[in-house]
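# Overview (structure and organization)
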There are 2 protein chains.
Amino acid sequence: MSDVFRALADESRRSLLDALFARNGQSLSEMAENMPMSRQAVAKHLAILESANLVSTAWRGREKLHYLNPVPIGEIVRRWVGKFEDARVDALTDFKEQMETSKEKRRA
Amino acid sequence: MSDVFRALADESRRSLLDALFARNGQSLSEMAENMPMSRQAVAKHLAILESANLVSTAWRGREKLHYLNPVPIGEIVRRWVGKFEDARVDALTDFKEQMETSKEKRRA
DNA sequence: CTCATATGCAACTATATGGTTGCATGTCAA
DNA sequence: TTGACATGCAACCATATAGTTGCATATGAG
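Residues numbered from 1 in each chain as written. Chains lettered and ligands numbered in written order. Predicted model: local features only at pLDDT ≥ 70, side-chain atom pairs only at ≥ 80, totals over all residues. Heavy atoms only, no water.

## What to know about the protein's contact with DNA strand C
Worth spelling out the cut-off: Being near a molecule or strand, for a residue, comes down to having at least one heavy atom within 4 Å of it. Between N or O atoms, a polar contact is any pair within 3.5 Å; within protein, one atom must be a potential hydrogen donor and the other a potential acceptor, and residues adjacent in sequence are included only when both atoms are from side chains. Working definition: helices are DSSP H or I runs of at least four residues, strands are E runs of at least two. Numbering for both runs from the N terminus. Any residue outside Ala, Val, Leu, Ile, Met, Phe, Trp, Tyr, Cys, Pro, Asp, Glu, Lys and Arg is labelled polar, Gly included; the first ten of those are nonpolar and the last four are charged.
Among the 22 residues in the neighbourhood of DNA strand C, the closest are listed as Ser 29 of chain A together with Arg 6, Ser 38, Lys 44 and His 45 of chain B. Taken together, the sugar and phosphate atoms account for 59% of what DNA strand C places within 4 Å of the protein. Between DNA strand C and the protein, one listed contact pairs a base oxygen with a side-chain N or O atom of Arg 62 of chain A at 2.9 Å. Here a phosphate oxygen of DNA strand C and a side-chain polar atom of Ser 38 of chain B are 2.7 Å apart. Only helix 3 (28-33), helix 4 (39-51) and strand 3 (63-68) of chain A together with helix 2 (11-22) and helix 4 (39-51) of chain B provide two or more residues apiece to the surface near DNA strand C. Looking at the surface near DNA strand C, the element that brings in the most residues is helix 4 of chain B, giving four residues. Residue composition of the surface near DNA strand C, grouped by class: four nonpolar, eight polar and ten charged.

## Focus on the packing of helix 2 of chain B against helix 4 of chain B
Residue and element names in this part refer to chain B. Quick reminder of the rule: For every element, the axis is a line fit to its C-alpha atoms; helices are fit only across the contacting stretch, and the angle between N-to-C directions ranges from 0 to 180 degrees. Here roughly perpendicular refers to angles of 65 to 115 degrees, roughly parallel to angles under 35, roughly antiparallel to angles over 145, and oblique to all remaining angles. By the convention used here, residues are in contact when the closest approach between their heavy atoms is within 4.5 Å.
Closest axis-to-axis distance for the helix 2/helix 4 pair is 10 Å, and the angle between their directions is 80°. Considering their axes alone, helix 2 and helix 4 lie roughly perpendicular with respect to each other. Listed contacts from helix 4 to Ser 12, Arg 13, Leu 16 and Leu 17 of helix 2 are Val 42, His 45, Leu 46, Ile 48 and Leu 49. Among the residues making up the contact of helix 2 with helix 4, the classes are represented as six nonpolar, two polar and one charged.

## A look at the packing of aromatic side chains
Here is the rule we go by: We call Phe, Tyr and Trp rings a pair once their centres come within 6.5 Å, taking the six-membered ring for Trp, and we label the pair stacked below 30 degrees between planes, edge-to-face above 60, and tilted otherwise. Partly exposed describes any residue whose relative accessible area lies between the buried limit of under 20% and the exposed limit of over 50%, with all areas from a 1.4 Å probe on protein chains only and scaled to the type maximum.
By the definition in use, this model includes four aromatic pairs over all chains. Considering the side-chain rings of Phe 5 of chain A and Trp 80 of chain A, the 5.5 Å spacing of their centres and the 70° angle between planes classify their relative orientation as edge-to-face. Of this pair, Phe 5 of chain A sits in helix 1 (residues 2-8) while Trp 80 of chain A sits in helix 5 (residues 73-86); the two residues are 75 residues apart in sequence, bridging distant segments of the chain. The burial state of Phe 5 of chain A is the same as that of Trp 80 of chain A; both residues are buried. Where Phe 21 of chain A meets Phe 84 of chain B, the ring centres are 5.6 Å apart and the plane angle is 70°; that geometry is what we call edge-to-face. Of this pair, Phe 21 of chain A sits in helix 2 (residues 11-22) while Phe 84 of chain B sits in helix 5 (residues 73-86), placing the two residues on different chains. The exposure class assigned to Phe 21 of chain A is partly exposed, which follows from its relative accessible area of 35%. What links up through ring pairs into an aromatic cluster is the set Phe 21 of chain A together with Phe 5, Trp 80 and Phe 84 of chain B.

## A look at the confidence of the model for chain A
Put simply, the test is: For every residue, the pLDDT score states the predictor's confidence, bounded by 0 at the bottom and 100 at the top.
When pLDDT is averaged along chain A, the result is 81; 73% of the residues meet or exceed 70. Below pLDDT 50 for its whole length, residues 98-108 of chain A participates in six contacts with residues either more than four positions away or in separate chains.

## Examining the protein's contact with DNA strand D
As a structural note, the neighbourhood of DNA strand D is formed by 23 residues, with Arg 6, Ser 38, Lys 44 and His 45 of chain A together with Ser 29 of chain B the closest of them. At the protein interface, 62% of the atoms of DNA strand D within 4 Å belong to sugar or phosphate. The separation between a base oxygen of DNA strand D and a polar side-chain atom of Gln 40 of chain A is 3.0 Å. The set of elements that each furnish at least two residues to the surface near DNA strand D consists of helix 2 and helix 4 of chain A together with helix 3 (28-33), helix 4 and strand 3 (63-68) of chain B.

## What about unusual backbone geometry?
Residue Asn 53 of chain A is not a glycine yet carries a positive backbone phi of 65°. Among the structural elements, Asn 53 of chain A can be located in the loop between helix 4 and strand 2 (55-60).

## What to know about the pairing of strand 3 of chain B
All names here are of chain B. Note the cut-off: When DSSP finds at least two bridges between two strands, those strands are taken to pair.
The pairing of strand 1 (residues 26-27) with strand 3 spans two bridges and is classified as antiparallel. Looking at strand 3, one finds that Ser 27 is bridged to Leu 65. Pairing of strand 2 (residues 55-60) with strand 3 involves six bridges; the strand directions are antiparallel. Residue pairing for strand 3: Val 55 is matched across the bridge by Leu 68. Between the antiparallel neighbours strand 2 and strand 3 lie two residues, among them Gly 61 with a positive phi of about 60°.

In structure tokens, the structure reads:
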């Protein structure tokens, strides 16, 4: 889980996901062509995305093809982030009460 | 936006959000007591969360109180992550087609 | 077979990051 | 006023991270 956030924290890696979103199943060389860094650097990023389960790979001959992982990217993120959604209204209430401590509330 | 992912990438910072989820509006010292690091380190983490707009602060006398940001944590994450959700089925299809290149598909 | 292409592996470098300590500043309480 | 408490600021350190280059290995094409 933390791997996912770590993986998404890097702009280059988010770009790579974008690139796969635009065209799925690209090889390493293909992806490296569109990135402003060496092929090896791209390979490292893809390895991180793969180990975070955001990308799956499949070999076709000497090419390694990359796919957005069918295991949904958002699911794990949403699960973690979701509980904070529930707290949203309460948090807002607490915050405003704090900010307006000296103000008297009128009933509508 | 990238700030959000960066901020969430660190386990300590996610713990701090958890702590605020458990009890909103804690002071720096309070939060530092429950973390296995110095107050200054916690202050840095909270500053990062604040600049990523995940946490808001309000001064009460000499105490700096921290609140889960009423601007929803999940919204920004979900917006980015959401488009990948749309691609999910297609990605799965592409992937399976690739994996099963040599297999013939039968119509049901 | 031979060569070009596609990737992997390893060593190395610079900078970012997470942590520390020490001291300065500001606010409440006696 | 004086002192204790809460926070901020700055320097410093160790490690992680993102990138590089060079070379090795594997596969497809002629």
